[in-house]
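# Architecture and fold: a report
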Amino acid sequence: MRTIRQIHEALEKKKISVVELTRDYLNSAQKSKNGEYITFCEERALQQAQEADDLLRLEKKVPWAQKPLFGIPIGLKDNLTLDGVRTTCGSKILDHYIPPYTASAVERLESAGAVILGKLNMDEFGMGGSNENSAFGPVGHPTHSDRVPGGSSGGSAAAVRANLCVASLGSDTGGSIRLPASYCGVVGIKPTYGRISRYGLIAFASSLDQIGPLARTVEDAARLLDVLSGYDPLDSTSSNIPPLQAYLASQSVPHWNRLRFGLPQEYFSGGLSLEIEKSIQNAMQWLESQGAQLVPLSLPSSQYAVAVYYLIAACEASSNLARMDGVRFGVRSQEAAETTDLTEFYQKIRSDFGREVKRRIILGTFALSLGYSDAYYKKACQVRRKIKLDFDLAFQKVDFIIGPVSSTTAYRRGEKAIDPLKMYLNDIFTVPANLAGLPAMSLPCGEDQEGLPIGLHLLAPPFCEEQMISVAQAFSKRGEGSVRGF
Amino acid sequence: MIELNEKLTCQVAHLARLELTPLEVKVFTIQLNEIIQYVEKLQDVDVQGVVPLVHPFDGIAFLREDDIKESLLGLDGKPKILQSAQDIFEDSFKVPSIF
(Lines give C-alpha, C1' and ligand atoms only; values in the text may rest on other atoms or scores of the structure.)
Protein backbone atom coordinates (compact mmCIF):
# COMPACT_ATOMS: atom_id res chain seq x y z
CA MET A 1 0.00 0.00 0.00
CA ARG A 2 2.36 2.66 -1.22
CA THR A 3 0.55 4.65 -3.88
CA ILE A 4 -2.34 7.08 -3.66
CA ARG A 5 -4.67 4.70 -5.49
CA GLN A 6 -3.79 1.81 -3.17
CA ILE A 7 -4.26 3.94 -0.07
CA HIS A 8 -7.64 5.21 -1.23
CA GLU A 9 -8.78 1.65 -1.89
CA ALA A 10 -7.62 0.55 1.57
CA LEU A 11 -9.41 3.50 3.20
CA GLU A 12 -12.67 2.72 1.41
CA LYS A 13 -12.44 -0.94 2.38
CA LYS A 14 -11.76 0.19 5.97
CA LYS A 15 -8.50 -1.78 6.03
CA ILE A 16 -6.88 1.24 7.67
CA SER A 17 -7.94 4.66 8.92
CA VAL A 18 -6.22 7.93 8.02
CA VAL A 19 -5.09 8.31 11.65
CA GLU A 20 -3.53 4.81 11.61
CA LEU A 21 -1.89 5.51 8.27
CA THR A 22 -0.50 8.82 9.51
CA ARG A 23 0.79 7.24 12.71
CA ASP A 24 2.50 4.47 10.72
CA TYR A 25 4.31 6.95 8.50
CA LEU A 26 5.23 9.22 11.42
CA ASN A 27 6.57 6.28 13.43
CA SER A 28 8.75 5.03 10.59
CA ALA A 29 9.99 8.53 9.82
CA GLN A 30 10.77 9.31 13.45
CA LYS A 31 12.70 6.04 13.83
CA SER A 32 14.84 6.62 10.75
CA LYS A 33 18.51 7.33 11.39
CA ASN A 34 19.06 8.72 7.91
CA GLY A 35 18.16 12.33 8.68
CA GLU A 36 15.36 12.74 6.13
CA TYR A 37 13.24 15.01 8.31
CA ILE A 38 14.25 18.15 10.20
CA THR A 39 10.91 18.86 11.89
CA PHE A 40 7.75 16.82 12.39
CA CYS A 41 4.32 18.36 12.74
CA GLU A 42 2.77 15.39 14.49
CA GLU A 43 -0.06 17.15 16.28
CA ARG A 44 -1.13 19.02 13.18
CA ALA A 45 -0.88 15.85 11.04
CA LEU A 46 -2.97 13.78 13.45
CA GLN A 47 -5.54 16.54 13.65
CA GLN A 48 -5.80 16.59 9.84
CA ALA A 49 -5.99 12.79 9.82
CA GLN A 50 -8.79 12.78 12.40
CA GLU A 51 -10.77 15.30 10.36
CA ALA A 52 -10.30 13.10 7.29
CA ASP A 53 -11.57 10.03 9.16
CA ASP A 54 -14.60 11.99 10.36
CA LEU A 55 -15.36 12.99 6.79
CA LEU A 56 -14.87 9.45 5.54
CA ARG A 57 -17.29 8.14 8.17
CA LEU A 58 -19.85 10.67 6.98
CA GLU A 59 -19.32 10.26 3.22
CA LYS A 60 -18.71 6.47 3.29
CA LYS A 61 -16.21 6.82 0.45
CA VAL A 62 -13.08 8.78 -0.41
CA PRO A 63 -14.16 12.16 -1.82
CA TRP A 64 -11.41 11.97 -4.43
CA ALA A 65 -13.08 14.32 -6.92
CA GLN A 66 -13.03 17.21 -4.41
CA LYS A 67 -10.00 15.99 -2.47
CA PRO A 68 -7.70 14.03 -4.78
CA LEU A 69 -5.05 13.74 -2.05
CA PHE A 70 -7.51 12.74 0.67
CA GLY A 71 -5.61 11.39 3.70
CA ILE A 72 -2.29 11.11 1.84
CA PRO A 73 0.79 11.62 4.07
CA ILE A 74 3.13 14.10 2.42
CA GLY A 75 6.48 15.66 3.38
CA LEU A 76 7.63 19.16 2.51
CA LYS A 77 11.10 20.36 1.68
CA ASP A 78 12.07 22.65 4.51
CA ASN A 79 12.14 25.77 2.33
CA LEU A 80 8.34 25.82 2.05
CA THR A 81 6.57 27.80 4.71
CA LEU A 82 3.90 26.27 6.91
CA ASP A 83 2.07 28.58 9.30
CA GLY A 84 3.28 27.98 12.85
CA VAL A 85 5.75 25.21 11.94
CA ARG A 86 9.51 25.76 12.06
CA THR A 87 11.00 26.32 8.60
CA THR A 88 14.80 26.27 8.50
CA CYS A 89 15.95 25.97 4.86
CA GLY A 90 18.56 23.61 6.30
CA SER A 91 20.28 26.64 7.81
CA LYS A 92 21.35 27.53 11.31
CA ILE A 93 20.42 31.12 10.53
CA LEU A 94 16.72 30.14 10.42
CA ASP A 95 16.93 27.60 13.24
CA HIS A 96 13.99 29.08 15.13
CA TYR A 97 12.04 30.64 12.27
CA ILE A 98 8.29 30.13 12.62
CA PRO A 99 6.62 31.52 9.49
CA PRO A 100 3.35 33.38 9.95
CA TYR A 101 1.85 32.04 6.72
CA THR A 102 1.64 28.93 4.55
CA ALA A 103 3.06 28.62 1.03
CA SER A 104 0.37 28.65 -1.67
CA ALA A 105 1.52 25.24 -2.98
CA VAL A 106 1.15 23.76 0.50
CA GLU A 107 -2.26 25.36 0.98
CA ARG A 108 -3.35 23.67 -2.24
CA LEU A 109 -2.12 20.29 -0.98
CA GLU A 110 -3.99 20.73 2.28
CA SER A 111 -7.16 21.83 0.50
CA ALA A 112 -6.88 18.65 -1.57
CA GLY A 113 -6.89 16.60 1.63
CA ALA A 114 -3.17 15.91 2.11
CA VAL A 115 -1.81 15.28 5.60
CA ILE A 116 1.49 17.12 6.14
CA LEU A 117 3.90 14.98 8.16
CA GLY A 118 6.79 17.38 8.49
CA LYS A 119 9.64 19.28 6.95
CA LEU A 120 12.34 17.49 4.98
CA ASN A 121 16.07 17.98 5.11
CA MET A 122 17.86 19.82 2.32
CA ASP A 123 21.15 21.44 1.38
CA GLU A 124 21.25 24.85 3.04
CA PHE A 125 19.07 27.26 1.03
CA GLY A 126 19.08 24.71 -1.81
CA MET A 127 22.80 25.07 -2.41
CA GLY A 128 24.30 21.67 -3.04
CA GLY A 129 23.84 18.47 -4.96
CA SER A 130 24.50 15.87 -2.26
CA ASN A 131 22.55 16.97 0.81
CA GLU A 132 25.82 17.19 2.73
CA ASN A 133 25.40 20.97 3.19
CA SER A 134 22.68 21.00 5.83
CA ALA A 135 23.13 22.55 9.27
CA PHE A 136 20.99 19.65 10.54
CA GLY A 137 23.33 16.94 9.26
CA PRO A 138 23.49 15.03 5.99
CA VAL A 139 20.76 12.80 4.58
CA GLY A 140 21.75 9.19 3.96
CA HIS A 141 21.02 7.38 0.73
CA PRO A 142 17.92 5.19 1.22
CA THR A 143 19.51 1.95 -0.03
CA HIS A 144 23.29 2.47 -0.07
CA SER A 145 24.62 3.91 3.18
CA ASP A 146 27.98 4.98 1.74
CA ARG A 147 26.34 7.12 -0.96
CA VAL A 148 24.72 10.54 -1.09
CA PRO A 149 21.00 10.81 -1.90
CA GLY A 150 21.60 13.82 -4.17
CA GLY A 151 20.43 17.32 -3.45
CA SER A 152 19.32 19.78 -2.71
CA SER A 153 15.92 18.08 -2.18
CA GLY A 154 17.73 15.03 -0.73
CA GLY A 155 15.32 14.58 2.16
CA SER A 156 12.33 14.77 -0.22
CA ALA A 157 13.69 12.02 -2.50
CA ALA A 158 15.09 9.75 0.22
CA ALA A 159 11.87 9.92 2.28
CA VAL A 160 9.72 8.87 -0.69
CA ARG A 161 12.05 5.99 -1.55
CA ALA A 162 12.23 4.85 2.10
CA ASN A 163 8.42 4.98 2.51
CA LEU A 164 8.56 7.79 5.04
CA CYS A 165 5.90 9.68 3.09
CA VAL A 166 3.80 8.79 0.06
CA ALA A 167 4.99 11.82 -1.89
CA SER A 168 6.86 15.01 -1.18
CA LEU A 169 7.46 18.50 -2.43
CA GLY A 170 10.89 19.64 -3.48
CA SER A 171 12.21 22.66 -5.28
CA ASP A 172 14.46 22.70 -8.32
CA THR A 173 16.78 25.64 -9.06
CA GLY A 174 19.38 23.77 -11.10
CA GLY A 175 18.36 20.12 -10.76
CA SER A 176 17.49 19.89 -7.07
CA ILE A 177 14.42 17.71 -7.67
CA ARG A 178 15.67 15.68 -10.63
CA LEU A 179 19.14 14.82 -9.32
CA PRO A 180 18.02 13.31 -5.98
CA ALA A 181 15.07 11.65 -7.72
CA SER A 182 17.56 10.03 -10.08
CA TYR A 183 19.96 8.98 -7.29
CA CYS A 184 17.17 7.56 -5.13
CA GLY A 185 15.12 5.92 -7.90
CA VAL A 186 11.91 7.93 -7.62
CA VAL A 187 9.97 10.15 -10.00
CA GLY A 188 10.82 13.87 -9.72
CA ILE A 189 9.28 16.66 -11.78
CA LYS A 190 10.40 20.23 -12.29
CA PRO A 191 7.42 21.93 -13.94
CA THR A 192 7.58 24.88 -16.32
CA TYR A 193 8.69 28.09 -14.63
CA GLY A 194 5.45 29.79 -13.52
CA ARG A 195 3.35 26.61 -13.48
CA ILE A 196 3.29 26.46 -9.66
CA SER A 197 3.17 29.50 -7.40
CA ARG A 198 6.41 30.20 -5.56
CA TYR A 199 4.65 32.23 -2.86
CA GLY A 200 6.01 30.86 0.41
CA LEU A 201 9.01 29.16 -1.18
CA ILE A 202 12.01 30.80 0.48
CA ALA A 203 13.89 32.15 -2.51
CA PHE A 204 17.32 30.99 -3.60
CA ALA A 205 17.40 32.21 -7.22
CA SER A 206 14.03 33.67 -8.17
CA SER A 207 14.32 33.37 -11.96
CA LEU A 208 15.24 29.67 -11.67
CA ASP A 209 13.40 28.25 -8.62
CA GLN A 210 10.39 26.05 -9.18
CA ILE A 211 8.43 23.80 -6.81
CA GLY A 212 7.67 20.26 -7.93
CA PRO A 213 6.54 16.82 -6.72
CA LEU A 214 8.52 13.66 -5.96
CA ALA A 215 6.66 10.35 -5.83
CA ARG A 216 7.04 6.61 -6.33
CA THR A 217 4.99 6.60 -9.52
CA VAL A 218 4.32 8.92 -12.43
CA GLU A 219 0.61 8.66 -11.67
CA ASP A 220 1.07 9.94 -8.11
CA ALA A 221 3.36 12.75 -9.22
CA ALA A 222 0.71 13.70 -11.81
CA ARG A 223 -1.99 13.85 -9.12
CA LEU A 224 0.16 16.25 -7.13
CA LEU A 225 0.91 18.37 -10.20
CA ASP A 226 -2.81 18.83 -10.88
CA VAL A 227 -3.37 20.07 -7.34
CA LEU A 228 -0.29 22.32 -7.26
CA SER A 229 -0.65 24.02 -10.64
CA GLY A 230 -2.64 27.15 -11.41
CA TYR A 231 -2.52 30.88 -11.17
CA ASP A 232 -1.84 32.51 -7.82
CA PRO A 233 -2.29 36.28 -7.48
CA LEU A 234 0.33 36.22 -4.73
CA ASP A 235 3.11 35.32 -7.21
CA SER A 236 3.45 37.68 -10.18
CA THR A 237 5.46 35.03 -12.04
CA SER A 238 2.78 32.35 -11.72
CA SER A 239 1.20 31.89 -15.16
CA ASN A 240 -2.39 32.82 -15.64
CA ILE A 241 -3.43 29.59 -17.33
CA PRO A 242 -5.78 26.80 -16.21
CA PRO A 243 -4.48 24.10 -13.84
CA LEU A 244 -3.05 20.92 -15.31
CA GLN A 245 -4.91 17.70 -15.99
CA ALA A 246 -1.80 15.60 -15.73
CA TYR A 247 -3.49 12.64 -14.04
CA LEU A 248 -5.90 12.37 -16.95
CA ALA A 249 -2.92 12.55 -19.29
CA SER A 250 -1.25 9.72 -17.38
CA GLN A 251 -4.22 7.50 -18.27
CA SER A 252 -3.96 8.16 -22.00
CA VAL A 253 -1.77 6.28 -24.48
CA PRO A 254 0.68 8.49 -26.39
CA HIS A 255 0.36 8.66 -30.17
CA TRP A 256 3.82 7.20 -30.56
CA ASN A 257 4.07 7.42 -34.31
CA ARG A 258 3.57 11.18 -34.14
CA LEU A 259 6.21 11.73 -31.46
CA ARG A 260 9.79 12.83 -32.06
CA PHE A 261 12.44 12.58 -29.36
CA GLY A 262 15.53 14.75 -29.63
CA LEU A 263 18.92 13.37 -28.65
CA PRO A 264 21.34 16.25 -28.07
CA GLN A 265 24.79 15.14 -29.16
CA GLU A 266 26.29 17.24 -26.32
CA TYR A 267 24.54 15.03 -23.73
CA PHE A 268 26.22 11.89 -24.98
CA SER A 269 29.75 13.04 -25.64
CA GLY A 270 32.28 11.97 -23.02
CA GLY A 271 32.09 11.80 -19.26
CA LEU A 272 28.94 9.68 -19.13
CA SER A 273 29.24 6.40 -17.26
CA LEU A 274 28.88 3.40 -19.53
CA GLU A 275 26.05 1.92 -17.51
CA ILE A 276 24.05 5.14 -17.68
CA GLU A 277 24.69 5.40 -21.41
CA LYS A 278 23.46 1.82 -21.85
CA SER A 279 20.30 2.49 -19.83
CA ILE A 280 19.50 5.59 -21.85
CA GLN A 281 20.12 3.68 -25.07
CA ASN A 282 17.73 0.96 -23.90
CA ALA A 283 15.14 3.65 -23.25
CA MET A 284 15.67 5.05 -26.72
CA GLN A 285 15.26 1.62 -28.28
CA TRP A 286 12.03 1.13 -26.38
CA LEU A 287 10.69 4.48 -27.57
CA GLU A 288 11.64 3.61 -31.13
CA SER A 289 10.00 0.20 -30.81
CA GLN A 290 6.75 1.98 -29.91
CA GLY A 291 6.90 3.90 -33.17
CA ALA A 292 8.47 7.13 -31.95
CA GLN A 293 11.10 8.84 -34.04
CA LEU A 294 14.57 9.55 -32.60
CA VAL A 295 16.13 12.74 -33.90
CA PRO A 296 19.80 13.60 -33.30
CA LEU A 297 20.23 17.29 -32.65
CA SER A 298 22.61 19.83 -31.21
CA LEU A 299 22.29 22.33 -28.37
CA PRO A 300 25.57 24.14 -29.04
CA SER A 301 25.33 26.67 -26.20
CA SER A 302 24.66 24.02 -23.57
CA GLN A 303 28.40 23.69 -22.98
CA TYR A 304 28.18 27.09 -21.25
CA ALA A 305 25.16 26.24 -19.11
CA VAL A 306 27.02 25.46 -15.87
CA ALA A 307 29.04 28.67 -16.06
CA VAL A 308 25.91 30.71 -16.82
CA TYR A 309 23.94 28.98 -14.11
CA TYR A 310 26.47 29.41 -11.33
CA LEU A 311 26.88 33.11 -12.07
CA ILE A 312 23.16 33.89 -12.32
CA ALA A 313 22.18 31.70 -9.36
CA ALA A 314 24.93 33.19 -7.19
CA CYS A 315 23.97 36.76 -8.17
CA GLU A 316 20.30 36.18 -7.40
CA ALA A 317 21.16 34.38 -4.16
CA SER A 318 23.40 37.18 -2.96
CA SER A 319 20.48 39.54 -3.41
CA ASN A 320 17.77 37.24 -2.00
CA LEU A 321 19.76 36.23 1.06
CA ALA A 322 20.38 39.87 2.00
CA ARG A 323 17.10 39.55 3.91
CA MET A 324 18.79 37.17 6.35
CA ASP A 325 19.80 40.02 8.63
CA GLY A 326 18.46 38.86 11.99
CA VAL A 327 15.96 41.69 12.25
CA ARG A 328 12.58 40.20 11.31
CA PHE A 329 13.56 36.57 11.72
CA GLY A 330 16.59 34.43 12.30
CA VAL A 331 18.86 33.61 15.17
CA ARG A 332 20.47 36.49 17.04
CA SER A 333 23.54 35.37 18.97
CA GLN A 334 24.58 36.92 22.27
CA GLU A 335 27.50 38.61 20.46
CA ALA A 336 25.15 40.16 17.90
CA ALA A 337 22.68 41.23 20.55
CA GLU A 338 25.39 43.03 22.50
CA THR A 339 26.98 45.01 19.70
CA THR A 340 26.00 48.62 19.10
CA ASP A 341 27.50 48.71 15.61
CA LEU A 342 25.03 47.88 12.84
CA THR A 343 27.65 46.50 10.38
CA GLU A 344 29.08 44.27 13.08
CA PHE A 345 25.55 43.27 14.05
CA TYR A 346 24.83 42.02 10.52
CA GLN A 347 28.22 40.28 10.29
CA LYS A 348 27.66 38.42 13.56
CA ILE A 349 24.19 37.31 12.46
CA ARG A 350 25.33 36.22 9.01
CA SER A 351 28.28 34.24 10.36
CA ASP A 352 25.70 31.50 10.90
CA PHE A 353 25.57 30.82 7.14
CA GLY A 354 27.31 27.61 6.12
CA ARG A 355 30.41 27.67 3.91
CA GLU A 356 28.71 26.88 0.61
CA VAL A 357 26.21 29.68 1.16
CA LYS A 358 28.95 32.14 2.06
CA ARG A 359 30.95 31.11 -0.99
CA ARG A 360 28.02 31.70 -3.32
CA ILE A 361 27.07 35.02 -1.72
CA ILE A 362 30.65 36.22 -2.23
CA LEU A 363 30.67 35.00 -5.85
CA GLY A 364 27.34 36.70 -6.52
CA THR A 365 28.31 39.94 -4.80
CA PHE A 366 31.56 39.97 -6.78
CA ALA A 367 29.83 39.26 -10.11
CA LEU A 368 27.32 42.07 -9.49
CA SER A 369 29.82 44.63 -8.26
CA LEU A 370 30.74 47.76 -10.18
CA GLY A 371 33.28 47.03 -12.89
CA TYR A 372 32.56 43.30 -13.01
CA SER A 373 28.81 43.05 -13.59
CA ASP A 374 29.04 43.51 -17.39
CA ALA A 375 31.73 40.86 -17.70
CA TYR A 376 29.94 38.36 -15.50
CA TYR A 377 26.24 38.90 -14.76
CA LYS A 378 25.26 40.61 -18.02
CA LYS A 379 27.35 38.23 -20.11
CA ALA A 380 25.79 35.24 -18.35
CA CYS A 381 22.30 36.59 -19.09
CA GLN A 382 23.20 37.04 -22.77
CA VAL A 383 24.47 33.46 -23.02
CA ARG A 384 21.34 32.35 -21.15
CA ARG A 385 19.28 33.69 -24.04
CA LYS A 386 21.40 31.73 -26.51
CA ILE A 387 20.78 28.58 -24.45
CA LYS A 388 17.04 29.24 -24.53
CA LEU A 389 17.14 29.91 -28.28
CA ASP A 390 18.83 26.52 -28.79
CA PHE A 391 15.85 24.88 -27.08
CA ASP A 392 13.34 27.00 -29.05
CA LEU A 393 14.93 25.78 -32.28
CA ALA A 394 15.14 22.18 -31.05
CA PHE A 395 11.47 22.10 -30.11
CA GLN A 396 10.53 23.16 -33.64
CA LYS A 397 11.92 19.78 -34.73
CA VAL A 398 11.06 17.49 -31.81
CA ASP A 399 8.39 17.05 -29.14
CA PHE A 400 10.71 16.01 -26.30
CA ILE A 401 14.39 15.87 -25.51
CA ILE A 402 15.84 12.89 -23.67
CA GLY A 403 19.17 12.27 -22.02
CA PRO A 404 20.80 11.49 -18.70
CA VAL A 405 20.09 13.34 -15.44
CA SER A 406 23.62 12.86 -14.20
CA SER A 407 26.85 11.47 -15.59
CA THR A 408 27.14 8.98 -12.70
CA THR A 409 24.88 7.25 -10.22
CA ALA A 410 24.91 8.36 -6.56
CA TYR A 411 28.52 9.00 -5.58
CA ARG A 412 30.23 8.36 -2.25
CA ARG A 413 29.74 10.63 0.73
CA GLY A 414 32.47 13.24 0.91
CA GLU A 415 33.65 12.54 -2.64
CA LYS A 416 32.93 16.04 -3.95
CA ALA A 417 32.40 17.91 -0.69
CA ILE A 418 35.76 19.71 -0.70
CA ASP A 419 35.75 20.65 -4.37
CA PRO A 420 32.90 23.08 -5.16
CA LEU A 421 33.67 23.26 -8.88
CA LYS A 422 33.55 19.47 -9.20
CA MET A 423 30.17 19.52 -7.45
CA TYR A 424 28.90 22.28 -9.77
CA LEU A 425 29.95 20.40 -12.92
CA ASN A 426 27.75 17.51 -11.83
CA ASP A 427 24.75 19.70 -12.74
CA ILE A 428 25.63 19.86 -16.42
CA PHE A 429 22.51 18.02 -17.62
CA THR A 430 19.98 19.61 -15.29
CA VAL A 431 20.70 23.36 -15.26
CA PRO A 432 19.71 24.08 -18.90
CA ALA A 433 16.01 23.37 -18.16
CA ASN A 434 16.05 25.94 -15.35
CA LEU A 435 17.81 28.55 -17.46
CA ALA A 436 15.20 28.12 -20.21
CA GLY A 437 12.24 27.65 -17.80
CA LEU A 438 11.33 24.25 -19.30
CA PRO A 439 9.46 21.37 -17.68
CA ALA A 440 11.69 18.36 -17.09
CA MET A 441 11.62 15.18 -15.07
CA SER A 442 13.70 12.29 -13.83
CA LEU A 443 12.21 8.88 -14.36
CA PRO A 444 13.72 5.63 -13.04
CA CYS A 445 15.10 3.68 -16.00
CA GLY A 446 17.41 1.08 -14.54
CA GLU A 447 20.18 0.34 -12.07
CA ASP A 448 23.93 0.02 -12.29
CA GLN A 449 25.85 -3.11 -11.25
CA GLU A 450 25.80 -2.00 -7.63
CA GLY A 451 22.04 -1.61 -7.66
CA LEU A 452 22.16 2.19 -7.69
CA PRO A 453 19.24 3.78 -9.57
CA ILE A 454 19.63 5.51 -12.94
CA GLY A 455 17.31 8.30 -14.02
CA LEU A 456 16.07 9.09 -17.52
CA HIS A 457 15.83 12.81 -18.17
CA LEU A 458 12.81 13.95 -20.13
CA LEU A 459 12.49 17.60 -21.18
CA ALA A 460 9.46 19.15 -22.88
CA PRO A 461 8.52 22.54 -24.36
CA PRO A 462 7.11 25.12 -21.92
CA PHE A 463 3.70 24.16 -20.47
CA CYS A 464 3.71 20.69 -22.07
CA GLU A 465 3.71 18.75 -18.79
CA GLU A 466 0.64 16.72 -19.75
CA GLN A 467 2.30 15.30 -22.87
CA MET A 468 5.46 14.64 -20.84
CA ILE A 469 3.45 12.79 -18.18
CA SER A 470 1.67 10.69 -20.78
CA VAL A 471 4.98 9.51 -22.23
CA ALA A 472 6.55 9.04 -18.79
CA GLN A 473 3.64 6.92 -17.58
CA ALA A 474 3.81 4.70 -20.67
CA PHE A 475 7.57 4.35 -20.22
CA SER A 476 7.23 3.47 -16.55
CA LYS A 477 4.71 0.77 -17.44
CA ARG A 478 6.85 -0.74 -20.22
CA GLY A 479 6.93 -4.48 -20.00
CA GLU A 480 3.43 -4.62 -18.54
CA GLY A 481 2.00 -4.94 -22.02
CA SER A 482 -0.91 -2.61 -21.44
CA VAL A 483 0.44 0.55 -23.01
CA ARG A 484 1.83 -0.63 -26.33
CA GLY A 485 1.19 2.13 -28.80
CA PHE A 486 -0.36 2.02 -32.21
CA MET B 1 41.48 37.29 -16.57
CA ILE B 2 40.42 38.77 -13.25
CA GLU B 3 42.13 37.17 -10.31
CA LEU B 4 40.72 37.29 -6.83
CA ASN B 5 43.25 37.85 -4.05
CA GLU B 6 42.66 37.57 -0.32
CA LYS B 7 42.25 41.34 0.03
CA LEU B 8 39.53 41.41 -2.65
CA THR B 9 37.80 38.39 -1.07
CA CYS B 10 37.67 40.30 2.22
CA GLN B 11 36.38 43.45 0.50
CA VAL B 12 33.59 41.55 -1.25
CA ALA B 13 32.74 39.67 1.94
CA HIS B 14 32.46 42.98 3.74
CA LEU B 15 30.08 44.31 1.07
CA ALA B 16 27.92 41.21 1.69
CA ARG B 17 28.24 41.71 5.47
CA LEU B 18 29.96 38.38 5.90
CA GLU B 19 32.64 37.89 8.50
CA LEU B 20 35.16 35.29 7.37
CA THR B 21 37.72 33.43 9.45
CA PRO B 22 41.35 33.63 8.20
CA LEU B 23 41.03 30.02 7.00
CA GLU B 24 37.83 30.82 5.09
CA VAL B 25 39.54 33.78 3.41
CA LYS B 26 42.37 31.53 2.28
CA VAL B 27 40.22 28.62 1.11
CA PHE B 28 37.50 30.74 -0.51
CA THR B 29 40.08 32.75 -2.47
CA ILE B 30 41.51 29.56 -3.98
CA GLN B 31 38.09 28.02 -4.67
CA LEU B 32 36.55 31.20 -6.05
CA ASN B 33 39.51 31.68 -8.36
CA GLU B 34 38.93 28.19 -9.75
CA ILE B 35 35.27 29.01 -10.31
CA ILE B 36 36.06 32.38 -11.90
CA GLN B 37 38.61 30.70 -14.14
CA TYR B 38 35.92 28.23 -15.20
CA VAL B 39 33.27 30.88 -15.94
CA GLU B 40 35.81 32.82 -18.00
CA LYS B 41 34.85 30.48 -20.85
CA LEU B 42 31.82 32.74 -21.35
CA GLN B 43 34.15 35.43 -22.67
CA ASP B 44 34.62 33.27 -25.81
CA VAL B 45 30.93 33.45 -26.70
CA ASP B 46 29.89 35.97 -29.31
CA VAL B 47 26.95 37.83 -27.77
CA GLN B 48 26.95 40.88 -29.96
CA GLY B 49 23.40 42.17 -30.18
CA VAL B 50 22.03 39.51 -27.83
CA VAL B 51 19.57 40.97 -25.33
CA PRO B 52 20.25 39.62 -21.81
CA LEU B 53 17.65 37.13 -20.57
CA VAL B 54 17.00 37.80 -16.90
CA HIS B 55 13.81 35.78 -16.62
CA PRO B 56 12.73 32.63 -18.52
CA PHE B 57 9.66 34.29 -20.01
CA ASP B 58 10.81 37.87 -20.10
CA GLY B 59 8.34 40.66 -20.05
CA ILE B 60 5.46 38.59 -18.69
CA ALA B 61 4.15 39.45 -15.24
CA PHE B 62 0.72 38.70 -13.86
CA LEU B 63 -0.01 41.51 -11.46
CA ARG B 64 -2.84 41.61 -8.94
CA GLU B 65 -4.76 44.66 -7.78
CA ASP B 66 -2.85 46.62 -5.15
CA ASP B 67 -5.50 46.08 -2.47
CA ILE B 68 -4.79 46.81 1.17
CA LYS B 69 -5.41 43.80 3.38
CA GLU B 70 -5.45 43.38 7.14
CA SER B 71 -2.23 42.20 8.80
CA LEU B 72 -2.24 38.61 10.00
CA LEU B 73 -2.72 38.61 13.75
CA GLY B 74 -1.51 36.02 16.25
CA LEU B 75 -3.47 34.68 19.20
CA ASP B 76 -2.05 37.51 21.34
CA GLY B 77 -3.60 40.05 18.96
CA LYS B 78 -0.18 41.25 17.79
CA PRO B 79 0.90 41.12 14.13
CA LYS B 80 2.10 37.56 13.38
CA ILE B 81 5.03 38.95 11.46
CA LEU B 82 6.61 39.90 14.79
CA GLN B 83 6.58 36.38 16.19
CA SER B 84 9.92 35.29 14.73
CA ALA B 85 11.79 38.51 15.55
CA GLN B 86 14.36 38.20 18.31
CA ASP B 87 13.91 41.72 19.60
CA ILE B 88 10.83 43.90 19.28
CA PHE B 89 9.58 47.14 20.81
CA GLU B 90 5.81 47.37 20.92
CA ASP B 91 4.77 46.70 17.29
CA SER B 92 8.21 47.30 15.79
CA PHE B 93 11.39 45.39 15.07
CA LYS B 94 14.40 46.53 17.09
CA VAL B 95 17.88 47.02 15.58
CA PRO B 96 21.05 48.70 16.88
CA SER B 97 21.08 52.47 16.47
CA ILE B 98 22.70 53.68 13.25
CA PHE B 99 23.84 56.96 14.86
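A brief structural summary. (Residues numbered from 1 in each chain as written. Chains lettered and ligands numbered in written order. Predicted model: local features only at pLDDT ≥ 70, side-chain atom pairs only at ≥ 80, totals over all residues. Heavy atoms only, no water.)

## Things to note about the packing of helix H1 (residues 6-15) of chain B against helix H2 (residues 22-39) of chain B
All names here are of chain B. The criterion, for reference: Fitted lines through C-alpha atoms serve as axes, helices being fitted only where they are in contact, and the angles separating the N-to-C directions of these axes extend from 0 to 180 degrees. Under the scheme used here, helices are H or I runs from DSSP no shorter than 4 residues and strands are E runs no shorter than 2 residues, and both carry numbers assigned from the N terminus. Roughly parallel refers to an angle under 35 degrees, roughly antiparallel to one over 145, roughly perpendicular to one between 65 and 115, and oblique to any angle outside these ranges. Residue contacts follow a heavy-atom distance rule, with two residues in contact if any of their heavy atoms lie within 4.5 Å. Each residue gets one label: Ala, Val, Leu, Ile, Met, Phe, Trp, Tyr, Cys and Pro are nonpolar, Asp, Glu, Lys and Arg are charged, and the others, such as Gly, are polar.
Following both chains from N to C, one finds H1 and H2 inclined at 105°, their axes separated by 9 Å at the closest point. Here H1 is positioned roughly perpendicular relative to H2, judged by the angle of their axes. Across from Glu6, Thr9 and Cys10 in H1, the residues of H2 making contact are Val25, Lys26, Phe28 and Thr29. A per-class count over the contact of H1 with H2 returns three nonpolar, two polar and two charged.

## A closer look at the interface of chain A and chain B
Note the threshold: Buried area, as used here, totals the accessible surface that two parts lose on assembly, with accessibility defined by a 1.4 Å probe and the loss added over both. The term salt bridge refers to a pairing of a side-chain nitrogen on Lys or Arg with a carboxyl oxygen on Asp or Glu at a separation within 4 Å. In protein, a polar contact means a hydrogen-donor-capable atom and an acceptor-capable atom, both N or O and within 3.5 Å, with residues adjacent in sequence counting only if both atoms are side-chain atoms; elsewhere, any N or O pair within 3.5 Å suffices.
Taken together, the contact between chain A and chain B spans 76 residues of the former and 56 residues of the latter. Between chain A and chain B, roughly 6,000 Å² of surface is buried when both sides are summed, and carbon and sulfur atoms account for 66% of that area. Among the residues of chain A in contact with chain B, Gln347(A), Ile362(A) and Arg385(A) are the three that bury the most area, contributing 11% of the side total. In this structure, Lys348(A) engages Glu19(B) in a salt bridge whose closest nitrogen and oxygen atoms are separated by 3.3 Å. For the pair chain A and chain B, the number of links is 27 residue pairs in polar contact (both at pLDDT 80 or more). Of all elements in the fold, only helix H10 (305-320), helix H12 (342-350), helix H13 (355-368), helix H14 (374-397), helix H15 (420-425) and helix H16 (431-436) of chain A reach the threshold of two or more residues within the side of chain A that touches chain B. A per-element tally of the side of chain A that touches chain B places H14(A) first, with 13 residues. Its residues placed into classes, the side of chain A that touches chain B shows 41 nonpolar, 18 polar and 17 charged.

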